[in-house]
Amino acid sequence: MKKLLTWGAVILLTTAFLDPLLYAMLDKPIPWGRDILMAAAGVVCFYLLIKYRNEL
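Residues numbered from 1 in each chain as written. Predicted model: local features only at pLDDT ≥ 70, side-chain atom pairs only at ≥ 80, totals over all residues. Heavy atoms only, no water.

A. Structural context of the overall build of the protein. The secondary structure content of the protein amounts to 2 helices and 0 strands. For 56 residues, the compact-globule estimate of 2.2 N^0.38 gives 10 Å, and the protein exceeds it by more than 25% at 13 Å. For the C-alpha atoms alone, the extent of the protein along its principal axes is close to 45 × 15 × 10 Å. For the protein, the proportion of contacts with a sequence separation of at least 24, taken over those separated by at least 6, is 54%. Approximately 4,400 Å² of the protein is accessible, and the part contributed by carbon and sulfur atoms is 74%. (Helix = DSSP H or I, 4+ residues; strand = E, 2+ residues; numbered from the N terminus. Rg over C-alpha atoms; globule rule 2.2 N^0.38 Å. Contact = heavy atoms within 4.5 Å. Areas by Shrake-Rupley, 256 points an atom, 1.4 Å probe, with all protein chains shown as cover.)

B. Spatial organisation of the side chain of Asp35. Topologically, Asp35 is positioned in helix 2 (residues 32–51). It is Arg34 that comes nearest to the buried, bridge-free Asp35 among opposite-charge side chains, at 4.2 Å. If we ignore the near neighbours within four places in the chain, the residues touching Asp35 are Ala16, Asp19, Pro20 and Ile30. (Buried < 20%, exposed > 50% of the residue type's maximum accessible area, 1.4 Å probe, protein only. Lys, Arg positive; Asp, Glu negative; His and termini not counted. Salt bridge = Lys/Arg side-chain N within 4 Å of Asp/Glu carboxyl O.)

Quick look at the structure:
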């Protein structure tokens, strides 16, 4: 479970921050809703890792 949360947090946060750069380079509108949801999901994964660090 710990590895899943770690991978989820890293992938979601990285994608949330790099996705707008990719869309900006392609001159397409940036899907802010999707990026905000991915960033929020990454933060939730990190929160769960910190909150339950002794049980994982």
